[in-house]
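# What the coordinates show
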Amino acid sequence: MAFIDWLHAQPRAPLGHLPTPLEMLPRLSDELGGPRIWVKRDDCTGLATGGNKTRKLEYLLGRALEEGYRRILTFGAVQSNHARQTAAACARLGLECHLLLSRRVPWSHPGYEKGANVLFDRLCGAEVTIVDPHEVDSAFKRLREQLGGPDEVCVVPAGGSTAVGALGYVQCAEEVATQSEALDVHFARMYHASASAGTQAGLVAGFATLEQATQVIGVNVFHPQAQTLKDRVAALLAGVQERFDPGSSAGAVTIEHGYLGEGYGLPNAAQLEAMALAARLEGLIFDPVYSGKALHALVDQIALGRLADQQDVLLLHSGGTSVWGVYENAFEAVR
Ligand SMILES: *Cc1c(COP(=O)(O)O)cnc(C)c1O
């Protein structure tokens, strides 16, 4: 418990509508005939269409402000949700925001470099630089020279996944523990989309420190090799524990690797079908890059009978729906 007290004393810029709701999906659960499906609605964090980066940014930017930074530089793919959330958070906090975005996703849409998240980045006043993947290093060097040294620019890694950013998901685990106790449900498993690993590391550290027997299952939506993601989660987890919770027992890192499809940012037909089912039965919209793949994993695992022994199961809706503006061609593109 000491870890949680310590967590609450950390610098934090309040940005999100927290706690987010935890709700049941009765019609989808009935349709699938498996456990009751519950969703932690982190798509409802309230910051410029919401998402999981809000929680990380509360700690990342809270600390940046305390350290006296006025200027933030971060990275992502062109349609990065992390970039959009950072742009909005910086607007709220009066910080200057620079985004270095890379054309790493071979998704073809006429608005890909202007619409959806990129539009919101610019609306929120961020300076946006878009480059090819091999140009990121040189563009970063150039921006660094332009914007000033490490004292002047707070550089936030892609996805906001540092030990500090991961604290946002330690806090989410605490919310889930409180909410599930109030609802009198027990979650033996929680599924979520995993990419830069901060969400998973935070959740695993959080449930471990709270002594909650909830297995966190990170659905890999980014790394061609599952082991790369596993190593990243483990490294971040070690970072959180070393710095903030020494002596704690490490939680297990579980990766579900069967739902990446052709790669990061590329939806597939089975995934879109699962997403359409959730929309038709629950009016709930998932995103094609992240949360839709986590939903697909859960729906498929239930269909395969792998969750037959579970009464309740939890899915994190991590946001990302703002990207649909440049994915409306998905249904034609993958069929
Ligand atoms: C970034 C992101 C994730 C993955 O979170 P990580 O901490 O990077 O693993 C999941 N869903 C959405 C919508 C995201 O934008």
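An account of the accompanying structure is given in this report. Every value quoted in this text rests on a predicted model; they were computed, and no experiment measured them.

### Re the site of the ligand
Taken together, the neighbourhood of the ligand is formed by 17 residues, with Lys53, Lys56, Ser196, Thr199 and Ser318 sitting nearest. Between an oxygen atom of the ligand and a main-chain N or O atom of Ala195, the distance comes to 2.7 Å. For the ligand, a nitrogen atom lies 2.6 Å from a polar atom in the side chain of Ser318. Protein contacts shield 98% of the accessible area of the ligand, which totals 380 Å² for the unbound molecule. Counting atoms within 2 Å of the grid points, the majority share of the ligand lands in the largest pocket. For the shell around the ligand, the secondary-structure elements that each account for two or more residues are α3 (53-66), β7 (189-194) and α8 (198-209). Residues that form the shell around the ligand fall into these classes: four nonpolar, ten polar and three charged.

### Comments concerning the sheet that holds strand β1 (residues 22-24)
An order of β1-β2-β10-β7-β8-β9 is seen for the six strands of this open sheet, with the pairing classed as mixed. Where the open sheet ends on each side, the last strands, each with one partner, are β1 and β9 (254-256). Direction aside, neighbouring strands of the sheet carry axes that sit 30° apart on average. Direction of pairing for strand β2 (residues 36-41) relative to strand β10 (residues 312-317): parallel, over a ladder of six bridges. Paired with Lys40 across the bridge in β10 is Leu316.

### Concerning the sheet that holds strand β6 (residues 153-156)
Taken together, the four strands give an open sheet; going across it, the order is β5-β4-β3-β6, and neighbouring strands pair in parallel fashion. Only two strands of the sheet have a single neighbouring strand rather than two, namely β5 (127-131) and β6. If you compare each strand with its neighbour and ignore which way they point, the axes differ by 20° on average. Relative to β6, strand β3 (residues 71-77) runs parallel, the two being bridged by four bridges. Bridged to Ile72 within β6 is Cys154. Those strands touched by helix α6 (residues 136-147) are β3, β4 (96-102), β5 and β6, and its axis lies near 165° from that of β4.

### Some thoughts on the packing of aromatic side chains
The final tally for this structure, using the stated rule, is eight aromatic pairs. Ring centres 6.4 Å apart and planes at 10° place the aromatic pair Trp324 and Phe331 in the stacked group. Residue class for Phe331 comes out partly exposed when judged on its relative accessible area of 33%. Three or more aromatic residues joined by ring pairs form one cluster here, namely Phe3, Trp6 and Phe244. Looking at Lys53, its charged tip hangs above the ring of Tyr290, at a distance of 5.5 Å from the centre.

### A word on the packing of α3 against helix α4 (residues 81-93)
As a packed pair, α3 and α4 sit with axes 10 Å apart at the nearest point and diverge in direction by 45°. The angle between α3 and α4 places the two elements in the oblique class. α3 and α4 meet at a crossing whose hand is right-handed. The residues of α4 that touch α3, namely those facing Lys53, Thr54, Leu57, Leu61 and Leu65, are Asn81, His82, Gln85, Thr86, Ala89, Cys90 and Leu93. Class assignment of the residues belonging to the contact of α3 with α4 gives a composition of six nonpolar, five polar and one charged.

### Topic: α3
Helix length check: α3, at 14 residues, gives a terminal C-alpha distance of 19 Å against a target of 20 Å (1.5 Å per residue), a fit within 8%. Within α3, twelve of the 14 residues are buried, which leaves it mostly tucked inside the rest of the structure. Considered for burial, the residues of α3 that qualify are Lys53, Thr54, Arg55, Lys56, Leu57, Glu58, Tyr59, Leu60, Leu61, Gly62, Arg63 and Ala64. With its phi angle positive at about 90°, Gly68 sits one or two positions after the end of α3.

Analysis parameters
Residues numbered from 1 in each chain as written. Predicted model: local features only at pLDDT ≥ 70, side-chain atom pairs only at ≥ 80, totals over all residues. Heavy atoms only, no water. Near = heavy atom within 4 Å. Polar contact = N/O pair within 3.5 Å; in protein donor to acceptor, adjacent residues only side chain to side chain. Areas by Shrake-Rupley, 256 points an atom, 1.4 Å probe, with all protein chains shown as cover. 1 Å grid on protein atoms, 1.4 Å probe; cavity = no way out; pocket = protein on both sides within 12 Å on 5 of 7 lines; lining within 4 Å. Sits in = over half its atoms within 2 Å of the grid points. Helix = DSSP H or I, 4+ residues; strand = E, 2+ residues; numbered from the N terminus. Nonpolar A, V, L, I, M, F, W, Y, C, P; charged D, E, K, R; others polar. Pairing = 2+ DSSP bridges. Axes fitted to C-alpha atoms, helices over the stretch in contact; angles between N-to-C directions. Contact = heavy atoms within 4.5 Å. Phe/Tyr/Trp six-rings, centres within 6.5 Å; stacked < 30°, edge-to-face > 60°. Buried < 20%, exposed > 50% of the residue type's maximum accessible area, 1.4 Å probe, protein only. Lys NZ or Arg CZ within 6 Å of the ring centre and 35° of its normal. Parallel < 35°, antiparallel > 145°, perpendicular 65-115°, else oblique. Left-handed = near helix turned anticlockwise from the far one by under 90°. Expected span 1.5 Å × (residues − 1).

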